[in-house]
Amino acid sequence: MSVQKAPDLKNPLPRGPLPVFPPERMAKTIEITLDGRKVTVAEGTTLLEAARSAGIDTPTLCFLETLTPVNVCRICVVEVEGSRALVPACSRKAEAGMAVRTDSERVRLSRRLVLELLASSVDVSTAPQIQEYMRRYGAKPERFGAAGHAETVAQPVKIDNELYVRDYAKCILCYKCVEACGVDAQNTFAIAVAGRGFGARISTEYNVPLPDSACVYCGNCIGVCPTGALMFRSEHGMRKAGDWDETRQTRTDTICPYCGVGCTLTVHTQDEKIVKVTSPLEQPITRGNLCIKGRFGWEWINQK
Amino acid sequence: MDLHFTNAAATPEEKAAIDAVVERNGGEAPRRSLLLAVLHAIQNRAGWISPGALNYACGLLGVPPAEGFGVADFYALFSTREQAPAVAHICDDVACRARGAEKLCVEMEKEHGPAGTNCDGKMWRRSPCLGMCERAPAAFVTVAGPQATEQALGAAHAADIEAALQGKRFPAGGAGASAPQWGQKAEQGRLKLLRRVGQTNPDSIEAFRDAGGFAALERALALGPAAVLAEVIESKLAGRGGAAFPTGLKWKSAREGAAPRYLVCNADESEPGTFKDRVLMEGDPFALVEAMIIAGFAAGCERGYIYLRGEYPEARRQLERAIRECSKHGFLGGNILGKSLRFEIEVCIGAGAYICGEETALLNSIEGRRGEPRNKPPFPTQAGLFGRPTVINNVETLLNIPHIVLEGGKAFAGTGTERSTGTKLFCLSGHVARPGVYEAPFGITLRELLEMAGGIGGTGKLQAVLVGGAAGAFLAPGELDTPLTFEGLRGAGAALGSAVVIPLDDSVDLRDVLLGIGGFFRDESCGQCVPCRVGTVRQEEILRRLAAGKPMGSVASELAVLKEVGQVMRDASICGLGQTASSAVESALSKFAIFKGRT
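Just so we're clear, the structure is a prediction, and the values are computed from it rather than from any experiment.

Student: Please explain the overall build of chain B as it appears in this structure.
Tutor: Across its full length, chain B holds 26 helices and 13 strands. Taking 25 Å as the expected radius of gyration for a compact globule of 599 residues, we find that chain B reaches 23 Å, a close match to that expectation. Based on the C-alpha atoms only, the size of chain B along its principal axes is roughly 70 × 65 × 45 Å. In chain B, which comprises 599 residues, the proportion classed as buried is 61%. Sequence-distant contacts in chain B: of pairs separated by 6 or more residues, those separated by 24 or more amount to 71%. For chain B, the exposed surface amounts to about 20800 Å²; the carbon and sulfur share of it is 50%. Within chain B, the 67 negative side-chain charges are centred at a point lying 2 Å from the centre of the 64 positive side-chain charges.

Listed below in structure tokens is the structure:
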């Protein structure tokens, strides 16, 4: 029999038997009013989750289930009775008795304006989700003036490595790539937000090329990018040549052959060639994340 | 954390400057919270934040270099590009503009070329409000090197700025210019917050004691924390930083959280036209230390931070000296006045970011991060600095505390109105005969206040009064009888904010003022949320087109779009900056025919 030592606080590895989890408690439920309907949700539920569970589709851009909410895009705002400003549904927790309106005139105006402000300053041509929202809310970004009148974030594409490109003219600054590169997934910290105000941007230190940065090419930033600002070099090249055609593509789920973890790969093929690899967010172990091998280690297959 | 660095290496001078800060601060706070102090040290030594110096600093503090760069690149007083070591920041904000700032900029351009260009190791640039409005036009001059200097000059002349750029040191300005009211005998006995400013030597702890200092601390220690808290609640003291939140409730809420708790004094006074906190800190620094010890005692905080804006070098000198003296005399540290009370104060220096006056952005800044506001809830009293319960109070708010302790909450609430209790400091600048900080009981009207300051200056004909700063609103000459209280101004569709009062005479082009305000918010938006990041840009673009008489479509259609941009900034921005970025513009457009008939 081994003697169990006092816990070493500096090095808190489990030394004894594995901890036993307490039996699951039924979560306390609370009642809120959503667009006039009484809804019962578990305590700790966000307004976004509450709305979704009630079948109310709430638009999101900077939110992703696998990342910490940063509530910066403000497209998910809803109106909470008694609150002066609108609140972000993605991070605001439901409170008992809260009366929430998800489709009031104020809410619709804010959502439309957020889309117009974004689309008037950012190239959203490879962001189908934003385009769909713009149709839904009747957004007309040209109200702010044609090119030359309204300032944009237009800039040259950054192509500094073999695997992926960074086209920050398409960046809406949703912070997702920074989160995926940081504590929410990869813990590499190769990129961060630099600058301020309209000049705020995603950058390596002193804007050094990726090969000089801490980047490990896991591509998890590409996996979370909602606008195509971060893109496989293969996809970027095909789009430029006019060859990219999603109607001709098929997606096949398989298991990564490289190591024992067994990550799920979704292989995108066009004309019997692999054009990119993603991983499903719903996969409970990897939550959409891969490493350089899984995400990029297939190009040799096309070279037969 | 496994960090990756480029090959860039720090110079021996940069290393020494960084090491000195890290060695000086061996406290228990996370090392990352030293980042701003370290970046200041690099900037002061080398004149910019070089890749090598940043690598070295990030290695010592365990900060990924990309994040360190993001922080350095956020603050206006840090430069991530090599630049001239001597820099003159010339204020061109509303108050200074009304008193010759543009002329000064023209002179600077003649001497040193266009703003931002290195001319023989010297350069100048335009700056938002420097908090020296009573001595407009103001300049802030920094010279990097082994004997770095930082000086605020006002009223600034081109020749003095030139001398400061060459390293000459000027004596700090006199309190008489900043608080002209103390010279008026009739007011002398009635002043509370200003009573020692200009009267008592701010360098001397003995002079402070002789003038009644520390009496409130002794009484507070005798009363006990619960009784002090009860008095503050009864006083109905509301925050003086702009939001007017009840101070007592804030303390109570923080006290209910688990220790360790922190007290943060918000001294990042950056609302254009505001300079009252600077005058208090320069003129009565020991009073702030005393007030913070009492606040920490009552709210259950063992550690206090003063977040001071980087453009206030004299206030910094005074506060650091006052803290040193208080530690020496047993008012700070482990055993205050022989009681088992522990309290320490650290001064953190901001680096040129209006947004850091927002309380949660300020917390991030102390923690060594970009000054981006946090989402609320949770509120700082629940999860604030380093995630702990935190009380954040403005300088002027805190300076009311000793008076409440001495006279009792009920008596304090007897001054002012039912909902705005006590006296208030007003910052008068622009076209007023005697600019400065004035103290008056809440309820004084705008007209009475302007008379107290000698009436309208400039041409003598009043056009408009900007109340509350860039985030405030304009009042028309017909609204001079508005009582200056939280509720009175709300009734006039304005807000007291930080009690800025800038009268403008009829020679001022309000279009210029609005353009200045539009540009200010565009420059000072942190960039985090879409409504503010892009909305402030679109607001400025529309104002520019209207001011140039070249609207897109018609004036009416431009104004309609401007109104919608204003509403989404107010409704959907994360913090108070975006939520108020359109308020002055909207109030001016509703009260004055600024762009009418300009199609």
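Having seen the structure, we can now continue with the description.
Student: Is there a simple way to think about the state of the cysteines in this case?
Tutor: Cysteine pairs can be covalently joined through their sulfur atoms, and such a bond is termed a disulfide. Applying the stated criterion to the full structure yields 0 disulfides over all chains. No disulfide involves Cys218 of chain A; its sulfur sits 6.1 Å from that of Cys221 of chain A, the nearest cysteine. Given the relative accessible area of 9%, Cys218 of chain A is considered buried. Cys427 of chain B takes part in no disulfide bond, and the closest cysteine sulfur, belonging to Cys133 of chain B, lies 7.3 Å away.

Student: For this particular structure, what's the right way to read the packing of aromatic side chains?
Tutor: Within a pair of aromatic rings, the relevant descriptors are the distance that separates the centres and the angle that separates the planes. Applying the stated criterion to the full structure yields 18 aromatic pairs over all chains. Relative to Phe386 of chain B, the ring of Tyr262 of chain B lies with its centre 5.8 Å away and its plane at 75°, an arrangement referred to as edge-to-face. Here Tyr262 of chain B, found in strand S5 (residues 262-267), pairs with Phe386 of chain B, found in the loop between helix H17 (359-366) and strand S8 (390-394); they are 124 residues apart in sequence, far enough to count as distant. What makes Tyr262 of chain B buried here is its relative accessible area of 14%. Site record: aromatic cluster; members linked through ring pairs are Tyr164, Tyr217, Phe232, Phe296 and Trp298 of chain A. Lying across the ring of Phe144 of chain A, Arg143 of chain A places its NZ or CZ 5.8 Å from the centre.

About the thresholds
- Residues numbered from 1 in each chain as written.
- Chains lettered and ligands numbered in written order.
- Predicted model: local features only at pLDDT ≥ 70, side-chain atom pairs only at ≥ 80, totals over all residues.
- Heavy atoms only, no water.
- Helix = DSSP H or I, 4+ residues; strand = E, 2+ residues; numbered from the N terminus.
- Rg over C-alpha atoms; globule rule 2.2 N^0.38 Å.
- Buried < 20%, exposed > 50% of the residue type's maximum accessible area, 1.4 Å probe, protein only.
- Contact = heavy atoms within 4.5 Å.
- Areas by Shrake-Rupley, 256 points an atom, 1.4 Å probe, with all protein chains shown as cover.
- Lys, Arg positive; Asp, Glu negative; His and termini not counted.
- Charge placed at Lys NZ, Arg CZ, Asp CG, Glu CD.
- Disulfide = S-S within 2.5 Å.
- Phe/Tyr/Trp six-rings, centres within 6.5 Å; stacked < 30°, edge-to-face > 60°.
- Lys NZ or Arg CZ within 6 Å of the ring centre and 35° of its normal.

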